Structures are given as C-alpha cells and as structure tokens.
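So the chains spell out like this:
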Amino acid sequence: MATENCVASKHSYSWHQSHDQATVLLLVPLETSEEDVAVVIERSYLLAGVKGQQPVVKGRLYGNVDVANSAWQLEPRTSRPSTRERTTSTLSTASTQSSYAFVSDPEISSSFAASLESAQASDAEEPVTPSPALSSPTSSAEEHPGYHRRAAAPAVSGHVSPVMQPHAPSSFSSLESLHSSSGRLLTLHLEKDQSVIWPSLIVGAVPQELFPSPPIPMLYDPELEVKYNMDPTSLVLFAIELLDIRKDKEEAFEYFVRAWHQAHLPSATMKLVTHYLPPHTSLSLVKEAEENTRGTLSYYVQCIGGAAGLGQLYLEAGLLHLEGAASVVLSASYATLSSIRVPPHPQPENGAEAWKRDRDAAG
C-alpha cells in the first residue's frame, strides 16, 4: 500500500489559497535537483513537474496571475525535517484575508484537511532563510516555448516575495501524508492578478504548442485531444464533476480513461470499474461494429486497451479492495474535492464485515 500511495502521490498535487495568492504543492523524486525542475507559469497557464516527464500540474488557471511576483521553491535535499522545522510562510503578511484550504488530489482529500488543520494550530518557532531555489518563472519570448523552460533568479537581487516571509504558520505539513523517503516537496507560489477566491485551480487545457498531450494509441487524435490536455488529477476532477453534477456519463468517461492511462490513479480505476466496466464484463459481448460508438461496452473496452487493459484495470481494482481503499476512493465526490476542506466523519462499521466485503469484492 505504501508503494501504491507513493506512486499515486507523484502524479498528484494539492493547493490552498488566500484572496491574493494560491500555493500549489507537489512531490518530485528525492534525487531531483533544481536544474531538473520544470516550471512554466504564464498569465493564464501553469505547468510543473520534472524535465523529461509528464507534468504533475498542467492546465489553464481559473484566474490570471502576476508572473513577475510568482515563484517556485524546491525543498532542500536533507534528512526529512519535522513539521516545525519546515516553517516557511505561504501567506502574504500584507493580507488580512483568511486562508482557504483546497485539495485537488482525489486520493488525499481527508488526510490533507486534517494535516492542514493541525499545521494551522502550531506556531513557527524559528525564522527561515529563503532557499536559493526560490525563483521567478521565465516567460521570455526568446526562449524555446514549452514545458522545459528554465526558471531564472529573481530580477531584483535580495528580493524576498511576501509569501516567503518568516514567522507565519507552516503549510508544508499540508503534504505530510504524501511525503515518503523518496520525495522532495516542490512549492509553487502564484500571485493573483485580482484579489478573489478561486473555486478551482485548473479550469481547462493548455495549448498543444505549450505542451502536447501524451500519446495514447487507442485514444490519441490530435484534434480531439486538445480539450483533454491536462494533468491526470485535473482530468479526474473534471470527470467527477461531469458524472456527479452534470450527469454527463459519457463525457466523464473520456476524462476518467485518460487519467487512468496517464497515471493509473485509484480514483479513475474505481470509477471506471463501477460505472463503465464492471467485473462481469465479458469480451464475448464486445461487438466490433460498436467500437467507435460512444456509450457502448465495445467502445469502453477499446478505449481501455482491449483484454490486456481490462485485465490491468481489474487487477488494480482488486488490490484497492484488498487494501481497504476502494470504498474511500468511491466515496469522493466533486463537492468534497473542490470546496473548503472539512474532514469527513467516517460511518461506524464492523471491522470483520468490512474486511469480508472487501475480500469478496477483490475476488
């Protein structure tokens, strides 16, 4: 389970905000250096991750940002510090607005809220010297466009962004549940153009010329993929909204299946098995004539990758049931993923009955 969580966390991000700023948190491999970090912050678009890999965050932002005053910071490669040792502010000292906590990772909604709540209750004990990794994003037209543009040093020597001032509550514990011995925290500080609360971080795709969609042979159509050119976590968020709120099951499938192919997120796995490809699915029912017809079983099987893809999907779903994580993933809704976080109150359940149910489902 620890390995699965680690893999999932490497493809997920969390974020929180005040009226003036938004802070995005994600993990990169422990061996990642500052030169390996790839961050592109444009007025309306955001991409962040590691060079040579698909971005962990990729999409069109809800609102415009002030590029010159936005920045990123990579956690120092040291032994894992405690929550109190990682005391760097992500709230502007000039802002009197309260902070709102949001999570865009369907796998960590409840744990993020709990850790954020505990972090806000603790006080920072020592001032922190800003890391040299704090950099302002580059948007020069002279550079090669795309995800691999490097971040440069701040334009004003010695300037420290207000979001990095010491003596403020730490928010790094927000990702405590995502931390593992093989990950480093990458923090993105986005200065908003307008003082307003964003209902969501990513609201659309990035242009193909900025960063193309990852090729998925059974799905890839350059003209069609334009609207799905987002990171896996944002794809799942869009899919859950379509399924739960807009009741557009077929369009939701398009987002779920792409998130599954890109990162095999547990939320995508369980939604696909529950709503589109239940375990009793028989390949004998697949009709070649229906392979290109949306909404048919044949189309779902074709998009998942045929018999091999279906087998992989069922294997992942079975493991989630054995780990007791399937019901938690399925209980996630769009409302709990895109609003102010309140830790859910689990319903009391007999342990033996839950264990038997999960074993039966896994079988």
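Scroll up to find the structure this text is about.
Figured I'd write up the structure that's included with this text. (Residues numbered from 1 in each chain as written. Predicted model: local features only at pLDDT ≥ 70, side-chain atom pairs only at ≥ 80, totals over all residues. Heavy atoms only, no water.)

**Some points on the pattern of salt bridges**
For step 1, the next point in the chain: Counted according to the given criterion, the structure contains 7 salt bridges.
For step 2, the next point in the chain: Glu 254 serves as the salt-bridge partner of Arg 294, at 3.6 Å between the closest nitrogen and oxygen. A residue pair is termed long-range when its members are at least 10 positions apart, and Arg 294 in the loop between α5 (266-275) and α6 (297-304) and Glu 254 in helix α4 (residues 249-263) qualify at 40 residues.
For step 3, the next point in the chain: Taking the relative accessible area as the measure of exposure, Glu 254 reaches 1% and is therefore buried.
For step 4, the next point in the chain: Residues joined in a network through salt bridges with shared partners are Glu 225, Lys 227, Glu 251, Glu 254, Arg 258 and Arg 294. (Salt bridge = Lys/Arg side-chain N within 4 Å of Asp/Glu carboxyl O. Helix = DSSP H or I, 4+ residues; strand = E, 2+ residues; numbered from the N terminus. Buried < 20%, exposed > 50% of the residue type's maximum accessible area, 1.4 Å probe, protein only.)

**What about the packing of aromatic side chains?**
For step 1, the next point in the chain: Tallying each qualifying case throughout the model produces 8 aromatic pairs.
For step 2, the next point in the chain: With a centroid separation of 6.4 Å and an interplanar angle of 50 degrees, the aromatic rings of Tyr 62 and Trp 198 are classed as tilted. Here the residue Tyr 62 occupies a position in the loop between β5 (57-61) and β6 (71-74), and Trp 198 occupies one in the loop between β8 (183-191) and β9 (202-204), the gap between them amounting to 136 residues.
For step 3, the next point in the chain: An angle of 45 degrees between the planes, with centres 4.6 Å apart, marks the rings of Phe 253 and Tyr 300 as tilted. (Phe/Tyr/Trp six-rings, centres within 6.5 Å; stacked < 30°, edge-to-face > 60°.)

**A few points about the nonpolar core**
When a protein is soluble and globular, its nonpolar side chains tend to lie buried together.
For step 1, the next point in the chain: Ranked by size, the top nonpolar core spans 65 residues in total, and within it Tyr 13, Val 24 and Leu 26 carry the most contacts.
For step 2, the next point in the chain: In this structure, Val 40, Leu 47, Val 206 and Phe 211 belong to the second largest nonpolar core, which totals 5 residues. (Core = buried A, V, L, I, M, F, W, Y, C linked by side-chain atoms within 4.5 Å.)

**Section: the pairing of β5**
For step 1, the next point in the chain: Counted residue by residue, β5 has 4 buried out of 5 residues, so it is predominantly covered.
For step 2, the next point in the chain: Note: strand β4 (residues 45-50) against β5, 4 bridges, orientation antiparallel. Bridge pairing links Leu 46 to Gly 59 in β5.
For step 3, the next point in the chain: Sheet analysis places β5 next to β9, joined by 2 bridges and oriented antiparallel. Across the sheet, the residue bridging to Arg 60 is Gly 204, located in β9. (Pairing = 2+ DSSP bridges.)

**Some details on the packing of α4 against α6**
For step 1, the next point in the chain: One way to put it is that α4 packs onto α6 with a least axis distance of 10 Å and a crossing angle of 20 degrees. Put simply, α4 runs roughly parallel to α6. Between α4 and α6 lies a crossing whose hand is right-handed. Residues Lys 249, Glu 250, Phe 253, Glu 254, Val 257, Trp 260 and His 261 of α4 lie in contact with α6, whose contacting residues are Tyr 299, Tyr 300, Cys 303 and Ile 304.
For step 2, the next point in the chain: A per-class count over the contact of α4 with α6 returns 7 nonpolar, 1 polar and 3 charged. (Axes fitted to C-alpha atoms, helices over the stretch in contact; angles between N-to-C directions. Parallel < 35°, antiparallel > 145°, perpendicular 65-115°, else oblique. Left-handed = near helix turned anticlockwise from the far one by under 90°. Contact = heavy atoms within 4.5 Å. Nonpolar A, V, L, I, M, F, W, Y, C, P; charged D, E, K, R; others polar.)

**Concerning the side chain of Glu 316**
For step 1, the next point in the chain: Position of Glu 316 among the secondary structure elements: in helix α7 (residues 306-322).
For step 2, the next point in the chain: Buried charge without a partner: Glu 316 forms no salt bridge, and the closest opposite charge is Lys 271, 15 Å away.
For step 3, the next point in the chain: Only 2.8 Å separates the side chain of Glu 316 from the side chain of Gln 312, close enough to count as a polar contact. (Lys, Arg positive; Asp, Glu negative; His and termini not counted. Polar contact = N/O pair within 3.5 Å; in protein donor to acceptor, adjacent residues only side chain to side chain.)

**Quick word on α6**
For an α-helix, the turn length of 3.6 residues means that residues three or four places apart are oriented alike.
For step 1, the next point in the chain: The buried fraction of α6 is high, at 6 of 8 residues.
For step 2, the next point in the chain: Buried within α6 are the following residues: Ser 298, Tyr 299, Tyr 300, Val 301, Cys 303 and Ile 304.
For step 3, the next point in the chain: Where α6 is buried, its residues contact α4, α5 and α7.
For step 4, the next point in the chain: Taken from the residues just after α6, Gly 305 is the one with a positive phi, measuring 115 degrees.

**Here's the deal with unusual backbone geometry**
For step 1, the next point in the chain: Even without being glycine, Lys 247 reaches a positive phi, approximately 60 degrees.
For step 2, the next point in the chain: One non-glycine residue, His 264, adopts positive backbone phi at about 50 degrees.
For step 3, the next point in the chain: Judged by its relative accessible area of 33%, His 264 falls in the partly exposed class.

**Quick look at the side chain of Glu 251**
For step 1, the next point in the chain: Relative to the helices and strands, Glu 251 is located in helix α4.
For step 2, the next point in the chain: Of the residues examined, Glu 251 reaches a relative accessible area of 10% and is grouped as buried.
For step 3, the next point in the chain: A polar atom in the side chain of Glu 251 sits 3.1 Å from the side chain of Lys 227.
For step 4, the next point in the chain: When near neighbours in sequence (up to four residues on either side) are disregarded, Glu 251 contacts Lys 227, Tyr 228, Leu 242 and Arg 294.

In short, shape yes, function no, at least from these values alone.
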